[in-house]
Amino acid sequence: MFLLTLPSSVGLAVLGKSIIGSIYEGGKFEVYDTQQTALALSCYAVGLTGYAALKVLNPAFYALGSARVPMMVSLASIVVNFAVASTMVHVAGLGHAGLALSTSAVALFGFVVLFSILRKRIGGIHGRELAAHLGKISVASGAMAGVIAVSSYGMSTWLGASKLAHLADLAVSIPLGLLVYYGACRALGIAELDGVIKAFVRPVWRRLKRKA
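Throughout this document, residue positions are counted from 1 along each chain, in the order its sequence is written. With the structure being a predicted model, the display of local features is reserved for residues of pLDDT at least 70 and the display and counting of side-chain atom pairs for 80 or more, all residues being used for whole-chain, interface and lining totals. Think of the side-chain values as coming from all heavy atoms in the structure, minus any hydrogens and water.

Caption draft 1: Expanded view of the packing of helix α8 (residues 163-188) against helix α9 (residues 192-211). All axes are obtained by fitting lines to C-alpha atoms, using only the stretch in contact for helices, and the reported angles, taken between N-to-C directions, cover 0 to 180 degrees. Numbering of helices and strands runs from the N terminus, with a helix taken as a DSSP run of H or I at least four residues long and a strand as a DSSP run of E at least two residues long. It is at 9 Å that the axes of α8 and α9 come closest, and there the two elements cross at 135 degrees. The pairing of α8 with α9 is recorded here as oblique in orientation. Residues Tyr182, Cys185 and Arg186 of α8 pack against Leu193, Asp194 and Ile197 of α9. Class assignment of the residues belonging to the contact of α8 with α9 gives a composition of 4 nonpolar, no polar and 2 charged. By the definition adopted for this analysis, an angle is roughly parallel if under 35 degrees, roughly antiparallel if over 145, roughly perpendicular if from 65 to 115, and oblique otherwise. Whether two residues are in contact is decided by their heavy atoms, any of which lying within 4.5 Å being enough. Following the grouping adopted for this structure description, the nonpolar residues are Ala, Val, Leu, Ile, Met, Phe, Trp, Tyr, Cys and Pro, the charged ones are Asp, Glu, Lys and Arg, and the polar ones are all others, Gly among them.

Given below as structure tokens:
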């Protein structure tokens, strides 16, 4: 889950302007609107990993017969959401970006709390191993972020900020980012990479066999 969602979060944050611009920009949706929407997207992206983790952790508690735990964490998340949203909007003055950050904060809060409780319930869940893998994935994602940031900046400098320029940026930066991320994961020895590739390749291979 970390292997997929962490680089996705980074990609959404770095390439947000090109993603939003290529889809929505035009007519009454101007450059400023693209920038502000991309800002919100990057703030939502912060919580993507936490949100995905909740989809893994919640069923674990249901399987243990502890459905009340996720419910109580969800109720506590309402308080966290209100506190963070109020602080981000009224104190920090971040406006709609603050609301997006509060949503991400709720997802990360729920992940950390449920992970901690589950770890105590079942006597550990390979915390050190997970932390080591997360560190490697973060390094690979950071390498990818640096490359696509340079690539995106170069494309925008060369082509400007038109819709075609946004599409060209995505056409170049996304494949480049995937290659860098794959290479970094291989270099760091992240074993789960093979499992992810097989999970995507097998369905395609089966369909091709059926057609053949």
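Having seen the model, we can carry on.
Caption draft 2: Broad picture of the packing of aromatic side chains. Each Phe, Tyr or Trp ring (for Trp, its six-membered ring) is paired with any other whose centre lies within 6.5 Å, and the angle between the two planes then decides the class: stacked below 30 degrees, edge-to-face above 60, tilted in between. Applying the stated criterion across every chain yields a total of 3 aromatic pairs. When the centroid spacing of 5.9 Å and the interplanar angle of 55 degrees are considered together, the rings of phenylalanine 111 and phenylalanine 115 count as tilted. Within this pair, phenylalanine 111 and its partner phenylalanine 115 are both found in helix α6 (residues 96-121), separated by 4 residues, close to a single helical turn. When sorted by exposure, phenylalanine 111 lands in the same class as phenylalanine 115, which is buried. Connected via pairs of aromatic rings, a cluster forms that spans Phe2, Phe111 and Phe115. Each residue gets one of three labels from its accessible area relative to the maximum for its type: buried under 20%, exposed over 50%, partly exposed in between, using a 1.4 Å probe on protein chains only.

Caption draft 3: Representation of the nonpolar core in the model. Each nonpolar core is a collection of buried residues, namely Ala, Val, Leu, Ile, Met, Phe, Trp, Tyr and Cys, held together in the definition by side-chain atoms within 4.5 Å. If you look at the biggest cluster of nonpolar residues, it comprises 27 residues, and the most contacted ones within it are Leu3, Leu57, Phe111, Leu114, Ile137, Tyr181 and Cys185. Those elements that place two or more of their residues in this core are α1 (2-14), α4 (48-63), α5 (68-91), α6, α7 (127-159) and α8. Residue contributions to this core peak at 5 residues, all from α7. Sequence-distant contacts of leucine 57, defined by excluding residues within four places in its chain, comprise Phe111, Leu114, Phe115 and Leu118.

Caption draft 4: Quick look at a nonpolar patch on the surface. A contiguous nonpolar surface patch, about 770 Å² in accessible area, is contributed by Leu4, Tyr182, Ile197, Phe200, Val201, Val204, Trp205 and Leu208. When residues in the nonpolar patch are grouped by element, the largest group, 6 residues, is from α9. As for its position among the elements, valine 204 is in helix α9. Overall, the relative accessible area of 47% leaves valine 204 in the partly exposed class. Within this analysis, patches are made of residues with over 30% relative accessible area and no salt bridge. Like charges are joined at 9 Å or less; nonpolar side chains (Val, Leu, Ile, Met, Phe, Trp, Tyr) at 5 Å or less. Only the protein chains shown count as cover for residues, and all accessible areas are computed by the Shrake-Rupley method using a 1.4 Å probe. Salt bridges are counted wherever a side-chain nitrogen of Lys or Arg sits within 4 Å of a carboxyl oxygen of Asp or Glu.

Caption draft 5: Seen up close, the environment of serine 151. Residue placement: serine 151 occurs in helix α7. A relative accessible area of 12% means that serine 151 is categorised as buried. With sequence-adjacent residues up to four places away left out, serine 151 is seen in contact with Asp169, Val172, Ser173 and Leu176.

Caption draft 6: How the structure looks around α5. Across its 24 residues, α5 extends 34 Å between first and last C-alpha, which sits within 8% of the 34 Å expected from 1.5 Å per residue. Buried-residue contacts for α5 involve α4 and α6. Immediately downstream of α5, the backbone of glycine 93 shows phi near 70 degrees, a positive value. Between the first and last residue of a helix there are one fewer steps than residues, each counted as 1.5 Å, and that sum is the expected span.

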